[in-house]
Amino acid sequence: HIGGESLLNDGSAMVFYNIFSALYLTELGVPGVGHQYTTGEGFALFFRMAFGGAAIGLAAGIAEVSFLYLLNKRLSAEENVVQVASTITMAYLTYYVADAICGTSGVIATLTCGVIT
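Please read these numbers as outputs of a predicted model, since none were measured by experiment.

Participant: Please give an account of the overall build of the protein chain that cites residues and values.
Facilitator: If you tally the helices and strands in the protein chain, you get four helices and zero strands. Reading the helices (α) and strands (β) of the protein chain from amino to carboxyl end gives α-α-α-α. Its C-alpha radius of gyration of 18 Å places the protein chain more than 25% over the 13 Å reference for a compact globule of 117 residues. C-alpha extents for the protein chain along the principal axes are approximately 60 × 30 × 20 Å. In the protein chain, 58% of the contacts between residues at least 6 apart in sequence involve partners at least 24 apart. Counting every atom, the protein chain has about 7,700 Å² of accessible surface; 69% of that belongs to carbon and sulfur.

Listed below in structure tokens is the structure:
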């Protein structure tokens, strides 16, 4: 159980890193780089990134479990490489969708997807 807690700490650290790096880059004074957050905006951004990533991971995990259930009904035990490939693909897809497309935490999304799967 320590491993799962450690992964969640890593995901939270990535969220805080994104927030504080934007603040630091703003302090450097380079135009167009960084963002100045108020305390309320910082908390809102943290919760959006953390819980948004968890929601995306939950949806991806439920979709993956449903897909694996269908594969289990249609494939024989010797063809389990399709199930492994599907699980690895879903992990990468979850991270990409959460991080690049939705702007939430990809680490927390992938962690949640893995726990559900």
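Participant: I'd like a rundown of the confidence of the model for the protein chain, residues and numbers included.
Facilitator: Low pLDDT marks regions whose predicted coordinates should not be analysed in detail. For the protein chain, per-residue confidence averages 87 on the pLDDT scale, and 95% of positions sit at 70 or higher. The spread of mean pLDDT over the elements of the protein chain runs between helix α1 (residues 2-28), the lowest at 79, and helix α3 (residues 81-101), the highest at 93.

Participant: Could you give an account of the packing of aromatic side chains, with specific residues and numbers?
Facilitator: All told, the structure shown has four aromatic pairs when counted by the stated rule. Centroid distance F16 to F20: 6.2 Å. Interplanar angle 20 degrees. Geometry classified as stacked. You can see F16 and its partner F20 sitting in helix α1, four residues apart, about one turn around the helix. Residues F46 and F47 carry aromatic rings whose centres are separated by 5.4 Å and whose planes lie at 70 degrees to one another, so their mutual orientation is edge-to-face. Classification of F46 as buried rests on a relative accessible area of 16%. An aromatic cluster is defined as three or more aromatic residues linked by ring pairs; in this entry it consists of F16, F20, F46, F47 and F51.

Participant: An account of the nonpolar core is requested, with residue identities and associated values reported.
Facilitator: With seven residues, the main nonpolar core is built from V15, I19, L45, F46, M49, A50 and I108. Mapped onto this core, the elements with two or more residues apiece are α1 and α2 (39-74). Among the elements that take part in this core, α2 stands out by supplying four residues, more than any other. Beyond its immediate stretch of four places on either side in the chain, M49 contacts V15, N18, G103, T104 and S105.

Participant: I'd love a proper account of the environment of R48, names of residues and values included.
Facilitator: Note on placement: R48 falls in helix α2. For the pair R48 and L23, spaced 25 residues apart in sequence, the C-alpha separation works out to 17 Å. Beyond its immediate stretch of four places on either side in the chain, R48 contacts G53, C102, G103 and T104. Polar side-chain contacts of R48 include one of 3.4 Å to the backbone oxygen of G103.

Participant: Please give an account of the packing of α2 against helix α4 (residues 106-116) that cites residues and values.
Facilitator: As a packed pair, α2 and α4 sit with axes 7 Å apart at the nearest point and diverge in direction by 35 degrees. Two packed elements cross with a definite hand, and for α2 against α4 that hand is right-handed. Touching A50, G53, A54, I56, G57, L58, A60, G61, I62 and V65 of α2 are I108, A109, T112, C113 and I116, all from α4. Residue composition of the contact of α2 with α4, grouped by class: eleven nonpolar, four polar and no charged.

Participant: Residues and numbers for the packing of α2 against α3, please.
Facilitator: Between α2 and α3, the shortest axis-to-axis distance is 10 Å and the interhelical angle comes to 160 degrees. When the interaxial angle is binned, α2 and α3 end up roughly antiparallel. In the packing of α2 onto α3, the handedness of the crossing is right-handed. Residues I56, G57, A60, E64, F67, L68, L71 and N72 of α2 form the contact with α3, whose participating residues are V82, Q83, S86, T87, M90, T94, V97 and A98. Here the residues of the contact of α2 with α3 sort into nine nonpolar, six polar and one charged.

Each value, and the rule that gives it
- Residues numbered from 1 in each chain as written.
- Predicted model: local features only at pLDDT ≥ 70, side-chain atom pairs only at ≥ 80, totals over all residues.
- Heavy atoms only, no water.
- Helix = DSSP H or I, 4+ residues; strand = E, 2+ residues; numbered from the N terminus.
- Rg over C-alpha atoms; globule rule 2.2 N^0.38 Å.
- Contact = heavy atoms within 4.5 Å.
- Areas by Shrake-Rupley, 256 points an atom, 1.4 Å probe, with all protein chains shown as cover.
- pLDDT = per-residue confidence, 0-100.
- Phe/Tyr/Trp six-rings, centres within 6.5 Å; stacked < 30°, edge-to-face > 60°.
- Buried < 20%, exposed > 50% of the residue type's maximum accessible area, 1.4 Å probe, protein only.
- Core = buried A, V, L, I, M, F, W, Y, C linked by side-chain atoms within 4.5 Å.
- Polar contact = N/O pair within 3.5 Å; in protein donor to acceptor, adjacent residues only side chain to side chain.
- Axes fitted to C-alpha atoms, helices over the stretch in contact; angles between N-to-C directions.
- Left-handed = near helix turned anticlockwise from the far one by under 90°.
- Nonpolar A, V, L, I, M, F, W, Y, C, P; charged D, E, K, R; others polar.
- Parallel < 35°, antiparallel > 145°, perpendicular 65-115°, else oblique.

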